[in-house]
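# Inside the fold
The lines below spell out each chain.
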Amino acid sequence: MPKYTLTINQKKFNVQTDAGTPLLWVLRDNLGLTGTKYGCGEGICGCCTIHVDGKAERSCTLNVEDIGESPITTIEGLAENPDHPIFKKWIDLEVSQCGYCQPGQIMTLAAMLEQNASRKEIDDAMDSVLCRCGTYHRIKKAVDELAEEKL
Ligand code: FES
Ligand code: FES
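Here the residue numbering is sequential within each chain, running from 1 through the sequence in written order. Whichever chain is written first becomes A and whichever ligand is written first becomes 1, with later ones labelled in order. Only residues with pLDDT of at least 70 get local features here, since the model is predicted, and only at 80 or more are side-chain atom pairs given and counted; chain-wide, interface and lining totals rely on the full set of residues.

Attention shifts here to the packing of helix α3 (residues 85-92) against helix α6 (residues 136-149). Fitted lines through C-alpha atoms serve as axes, helices being fitted only where they are in contact, and the angles separating the N-to-C directions of these axes extend from 0 to 180 degrees. Strands here mean DSSP runs of E at least two residues long; helices mean DSSP runs of H or I at least four residues long; both are numbered from the N terminus. In contact at an axis separation of 10 Å, α3 and α6 are set at 135 degrees when each is read in the N-to-C sense. Here α6 runs oblique to α3, going by the angle between their axes. As α3 packs across α6, the resulting crossing turns out to be right-handed. In this structure, α3 uses Pro85, Ile86, Lys89 and Trp90 to contact α6, whose residues at the interface are Ala142, Glu145 and Leu146. Class assignment of the residues belonging to the contact of α3 with α6 gives a composition of 5 nonpolar, no polar and 2 charged. Relative orientations are named as follows: roughly parallel for angles under 35 degrees, roughly antiparallel for angles over 145 degrees, roughly perpendicular for angles from 65 to 115 degrees, and oblique for any other angle. Handedness of each helix crossing follows the sense of rotation of the near helix against the far helix: counterclockwise by less than a right angle gives left-handed, clockwise gives right-handed. A residue pair is marked as a contact if its C-beta atoms, positioned from the backbone, fall within 7 Å. Residues were grouped as follows: Ala, Val, Leu, Ile, Met, Phe, Trp, Tyr, Cys and Pro as nonpolar; Asp, Glu, Lys and Arg as charged; and all remaining residues, including Gly, as polar.

Right, let's talk about the domain arrangement of the chain for a bit. Each assigned domain of the chain is listed with its residue range as follows: domain 1 (3-77) and domain 2 (81-149). Computed from C-alpha coordinates alone, the two centres of domain 1 and domain 2 are separated by 20 Å. Residue-level contacts link 14 residues of domain 1 with 13 residues of domain 2. When residues of the side of domain 1 that touches domain 2 are traced back to their parent elements, those giving at least two are β3 (49-52) and β4 (55-58). For the side of domain 1 that touches domain 2, the residue count by class is 6 nonpolar, 6 polar and 2 charged. The domain limits used here are those given by an automatic or database domain assignment.

Here is the structure:
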């Protein structure tokens, strides 16, 4: 099996796996980074969202051999700063219910805010991340307040 060196959360990881392995499985199974969740496996639900080169990407649709030297950030990387404004807002507004979709929600929003996306771009991106618990109204309130604070 081929070997890959990935840069994840500013650390280098060596993994050996089949070339067609989705990045999601490398993160979860090879590296134990289980904060990134599996939902649909088809790029639809968004719960596997991570950052690649600072952009929100669905890790279930990326093959490990296509990552190259692009830096990856997972929810564990974002959580290295527990004072991150998104985490604080999520806690203040008690956004989460079961929590399963929340890494994808937070990683999607973080990428959009870091890119200074327009409000429409933020809303479009967030609309594409599904929540079976229906926390959308609390997510929207959090997004409203964070967008207003212009992070
Ligand atoms: S598990 Fe990747 S988009 Fe649903
Ligand atoms: S909080 Fe349960 S799926 Fe979103």
